[in-house]
Amino acid sequence: MELYLFRHGIAEEKETGIKDEERKLTKEGRQKTEKVAQRLVTLDLHFDLIITSPLVRAQQTAEILITAGLSSQIEESSHLKPEGNINNWLLDWLEPRKYPEKTQLALVGHEPNLSNWAEILLWGEAKERLVLKKAGMIGIKLPEKGSPLGRSQMFWLTPPKYLL
């Protein structure tokens, strides 16, 4: 399975009166994310399923990916909230669903969560070495059998500026 960790686009700043979960993509964030999505289409990328955080900015990012034609299926997971835990996601989403080996799954979420998840999949622990920029993506190949923790392989780490 190929797992793509996609960070949401540029969002409104944290301000008093706006709840964090309600912050939306800015005009620039929407435009940049649309350009990244179009570039991914030209690279012939397609996701079998996009799973998104329930926060507005992540949902908007996932919708941009759907609109661009990168997938036709979208689901929401509270495990992708900023305080989400990879072990809980693995137990609830990955293991029980038994995805086929060639599945391409995209997770749309937040930092530092997604970078930490990538590091746990790659090295078995979060080392705070990877940085995922807004509208950037990390691609990780999960092993066919057994736990993916510390046994996965990174094949893609792209900041958005290289896709624009």
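Residues numbered from 1 in each chain as written. Predicted model: local features only at pLDDT ≥ 70, side-chain atom pairs only at ≥ 80, totals over all residues. Heavy atoms only, no water.

Brief notes about the sheet that holds strand E4 (residues 104-109)
Phase 1 of the analysis: The strand order across the open sheet formed by six strands is E3-E2-E4-E1-E5-E6, and the pairing between neighbours is mixed. Each having just a single partner strand, strand E3 (74-76) and strand E6 (153-158) make up the two edges of the open sheet. Going from strand to strand, the sheet's axes swing by 20° on average, the running direction of each strand aside.
Phase 2 of the analysis: Sheet analysis places strand E5 (residues 137-141) next to E6, joined by five bridges and oriented antiparallel. By the bridge assignment, isoleucine 138 is partnered in E6 with leucine 157.
Phase 3 of the analysis: On the sheet, helix H2 (residues 56-67) packs against strand E1 (2-7), strand E2 (49-52), E3 and E4 and is oriented at approximately 165° with respect to E2. (Pairing = 2+ DSSP bridges. Helix = DSSP H or I, 4+ residues; strand = E, 2+ residues; numbered from the N terminus. Axes fitted to C-alpha atoms, helices over the stretch in contact; angles between N-to-C directions. Contact = heavy atoms within 4.5 Å.)

Side note on the nonpolar core
Phase 1 of the analysis: By size, the foremost hydrophobic cluster in this structure holds 24 residues, and its most contacted members are Leu3, Leu5, Ile51, Trp89, Leu105, Leu107 and Ile140.
Phase 2 of the analysis: Per-element accounting of this core gives the leading share, six residues, to helix H4 (residues 113-123).
Phase 3 of the analysis: Once residues lying within four places of it in the same chain are set aside, the contact partners of isoleucine 140 are Met1, Glu2, Leu3, Leu5, Ala118, Leu121, Leu122, Ser152, Gln153, Met154 and Phe155.
Phase 4 of the analysis: Residues Leu25, Leu45, Leu70 and Met137 belong to the second largest nonpolar core, which totals 21 residues. (Core = buried A, V, L, I, M, F, W, Y, C linked by side-chain atoms within 4.5 Å. Buried < 20%, exposed > 50% of the residue type's maximum accessible area, 1.4 Å probe, protein only.)

Considering the confidence of the model for the chain
Phase 1 of the analysis: Residues with a pLDDT of 70 or more make up 99% of the chain, whose mean pLDDT is 93.
Phase 2 of the analysis: For the chain, the element scoring lowest by mean pLDDT is helix H3 (residues 86-97), at 82; H2 scores highest, at 98. (pLDDT = per-residue confidence, 0-100.)

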